[in-house]
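Listed below, chain by chain, are the residues.
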Amino acid sequence: MNIFKAIGGTYNEVRLNPNVGTWSFLLHRLSGILLAFYLFMHLIVIATSPGNAGAFDSRLAAVQTRLFHLLEIGLVGVIFFHMLNGLRILVADFFYLTRQHQKLLWIVVIIFIIIMAYATAVMLPKVFHREVTEVAQIVGGLR
Amino acid sequence: MATKPGFPGLTSWLLQRLTGLFLVVGLFIHVNVIHFTTEARLIDFSSVTTRLAENPTGWGIFYVIFLFACIYHGLNGIWAIILDFKPGAGLLRFYLVALWLIGIFFSAYGLFGIFGLVRAGA
Amino acid sequence: MAYLKIFRYDPSGGVEPHFKRYELPPEKGMTILEALFWILENKDPSLAFRCSCREAVCGSCAVHINGEYRLACKTQVDPLGEEITIRPLTHLPIFKDLVVDMKPFFDQYEKIKPYLMPKEEPPESKEYFQSVKDRKKIDSLVDCILCGACYGSCPVAMGDPDYLGPHALLKALRFVQDTRDGAKTERLAIVATEHGVFRCHTIFNCQKVCPKDLDPTGAIAKLKMKSIGFKLKSMFGFARSAG
């Protein structure tokens, strides 16, 4: 297995089959690889020295900067895309809804947008190290 | 023809779906607790251990299952990608052993973390 | 005025892979296959392509036309716009231009034993009977013309030459669902492997491109469920005999 050949071949597949099926497959695969790597990084951050409060706090503080809080919104997006698209594939396979896969994808997109709207609303304040209630007050004050 | 064919690949295919279904529930809980909290406070040692101390058995069992489901789902997914490109028999065995070692290492690492944090809160 | 951009390649004649552009005469209702014949007769007699029936029955002329695998004989030039790009089927070795070696494709097809394997002799040694209701179970599955469009469109076939492919798996379901057939277990054992139904990632390209509007993705899903059902049943049977 040659990794460059694999990437080149995958690119060719996407180029020759510009369908929603290929796109969702590609995004599912990329998000899956990303999440697998994230899982191991996450375990290293969380599970190292679980009995030592000082070491735990300094490591967690390093990954809770504004940049990381912004990236976390992306992480939640990747998680929910992979989750919803995985459910779509599962439902299509188990309930013989393969003919309805495009409709299922639109349902996935709609649920994804709703979840991400909520996620952004509750997570964006963290990027600016604000509380949601504080932001609500500021917005209320502007009105 | 054997009367009971083995169906290689069936178990990993089915377990990928079953762990996936569990992760849907698990991630809603996990993401809700960690990211969808309406407080801006940073996550730190005391906040984590306090939360776990509220229900140490419940959280402990949840996180152990969640850990195994995550690691299996992730590594089995990578295994599926490797199979997609059909490496030779020797390379395939190497990847399989490597994935098992990664899985065992991070399972142990994660268990160490979960038990440590649950015990620290108790 | 339409132009055809055709993939040209001749491994034995020293022609490197490239695209050649041909201008087509304006003609209403012209199909891609007719256009290819027009080029062959008027512009370039060295152009190689495959065809036979000209009416979407034989499955010889599947090529990649403007972003989708289609039958050249079933696709008209007009709706495709000014410039039409034609490539040979992917995942199969190229003989010349648009002609590919279908041997790997038919080797996969043969692996699923595409013939009836009845459990008993026909009644009165004549023919096997099948009710109208039972025949309905294999409706549409028998329509597959083995053109190779699905195999070309399948990203799994790109990396795994052992993958049975949508065509073979659809045909496998055709025999599994046939009430006259008596080798269901053997057939499931052939398809329910890492390089069979469980290699399918439900990408739906095969369903999208099928010129006969069949659903290989759905057929593979059915085979997955049937093998899981069989496995559970055999496990249950094993548990009962042990206890």
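The model shown is predicted, which means the values in this text are computed figures rather than measured ones.

**Student:** Sorry, what's going on with the overall build of chain C here?
**Tutor:** Counting secondary structure elements, chain C contains 9 helices and 7 strands. For chain C, the C-alpha atoms occupy an extent of roughly 75 × 40 × 30 Å along the three principal directions. By residue count, 42% of the 243 residues in chain C fall in the buried class. Counting contacts in chain C only where the partners sit at least 6 residues apart, residues at least 24 apart contribute 64% of the total.

**Student:** Sorry if this is basic, but what is going on with the environment of B:Thr37 here?
**Tutor:** Residues and elements named next belong to chain B. When you line up the elements, threonine 37 lands in the loop between helix H1 (10-34) and helix H2 (45-54). A count of 16 C-beta atoms within 10 Å places threonine 37 in the partly exposed class. In this structure the C-alpha to C-alpha distance between threonine 37 and glycine 58, which are 21 residues apart in sequence, comes to 20 Å.

**Student:** I tried to follow unusual backbone geometry on my own but got confused; where do I start?
**Tutor:** Phi is mostly negative for residues that are not glycine, and the peptide bonds are mostly trans. Positive phi, normally seen in glycine, also occurs at B:Lys86, with a value near 40°. Along the chain, the position of B:Lys86 falls in the loop between helix H3 (56-84) and helix H4 (89-121). Of note in the backbone geometry, C:His91 takes a positive phi value of approximately 70° without being a glycine. Looking at the element boundaries, C:His91 is found in the loop between strand S5 (83-87) and strand S6 (94-96).

**Student:** Quick question: what am I supposed to make of the nonpolar core here?
**Tutor:** Soluble globular proteins: nonpolar side chains tend toward being buried together. Residue and element names in this part refer to chain C. Counting 64 residues, the largest nonpolar core has Leu169, Ala172, Val191 and Leu223 as the members making the most contacts within it. When residues of this core are sorted by domain, at least three fall in each of domain 1 (3-100) and domain 2 (103-242). With near-sequence residues (within four places) excluded, alanine 172 lies in contact with Ile112, Arg187, Val191 and Leu223.

**Student:** Would you mind going over the sheet that holds strand S4 (residues 68-71) of chain C with me for this structure?
**Tutor:** Residues and elements named next belong to chain C. Taken in spatial order, the 5 strands of this open sheet run S2-S1-S5-S3-S4, and their pairing is mixed. If you trace the sheet from one side to the other, it starts and ends with strand S2 (15-23) and S4, each paired once. On average, each strand axis in the sheet is tilted by 30° relative to the strand beside it, whichever way the strands run. The pairing of strand S1 (residues 3-10) with S5 spans 4 bridges and is classified as parallel. When the sheet's bridge partners are listed, tyrosine 3 is paired in S5 with glutamate 83.

**Student:** Looking at this structure, I do not really get the interface of chain C and chain B. What am I missing?
**Tutor:** Where interface size is given, it is often the accessible area lost as the parts come together that is meant. In this assembly, 18 residues from chain C lie in contact with 13 residues from chain B. Among the residues making up the side of chain C that touches chain B, the classes are represented as 7 nonpolar, 5 polar and 6 charged.

**Student:** Even after reading the chapter, I still don't get the interface of chain A and chain B, so can you show me in this structure?
**Tutor:** Listed by partner, the interface residues are 35 residues for chain A and 30 residues for chain B. Contributions of two or more residues to the side of chain A that touches chain B are made by helix H2 (20-47), helix H3 (53-62), helix H4 (66-94) and helix H5 (101-127) of chain A. With 9 residues, H2(A) is the largest single contributor of residues to the side of chain A that touches chain B. Here the residues of the side of chain A that touches chain B sort into 24 nonpolar, 5 polar and 6 charged.

**Student:** Can you walk me through the confidence of the model for chain A in this structure?
**Tutor:** Detailed reading of the predicted model is not advised wherever pLDDT is low. On average, residues of chain A score 90 in pLDDT, and 90% of them are at 70 or above. At the low end of the mean pLDDT range in chain A sits helix H6 (residues 132-142) of chain A, at 65; at the high end sits H2(A), at 96.

**Student:** Help me understand the domain arrangement of chain C in this model?
**Tutor:** All names here are of chain C. Domain boundaries assigned for chain C yield domain 1 (3-100) and domain 2 (103-242). The gap between the C-alpha centroids of domain 1 and domain 2 is 31 Å. Every contact between the two is made by 15 residues of domain 1 and, on the other side, 14 residues of domain 2. Elements supplying a minimum of two residues to the side of domain 1 that touches domain 2: strand S3 (62-65) and S4. Looking at which element gives the most residues to the side of domain 1 that touches domain 2, the answer is S4, with 4 residues.

**Student:** Is there a simple way to explain H4(A) in this structure?
**Tutor:** Along an α-helix, residues three or four apart share an orientation, since each turn contains 3.6 residues. Taking 1.5 Å of rise per residue, the 29 residues of H4(A) would be expected to cover 42 Å, and the 42 Å separating its terminal C-alpha atoms lies within 8% of that figure. Count one or two residues on from H4(A) and you reach A:Tyr96, which has phi positive near 50°.

Conventions and cut-offs
Residues numbered from 1 in each chain as written. Chains lettered and ligands numbered in written order. Predicted model: local features only at pLDDT ≥ 70, side-chain atom pairs only at ≥ 80, totals over all residues. Helix = DSSP H or I, 4+ residues; strand = E, 2+ residues; numbered from the N terminus. Buried ≥ 20, exposed ≤ 12 C-beta atoms within 10 Å, placed from the backbone. Contact = placed C-beta atoms within 7 Å. Core = buried A, V, L, I, M, F, W, Y, C linked by C-beta atoms within 7 Å. Domains from an automatic or database assignment. Pairing = 2+ DSSP bridges. Axes fitted to C-alpha atoms, helices over the stretch in contact; angles between N-to-C directions. Nonpolar A, V, L, I, M, F, W, Y, C, P; charged D, E, K, R; others polar. pLDDT = per-residue confidence, 0-100. Expected span 1.5 Å × (residues − 1).

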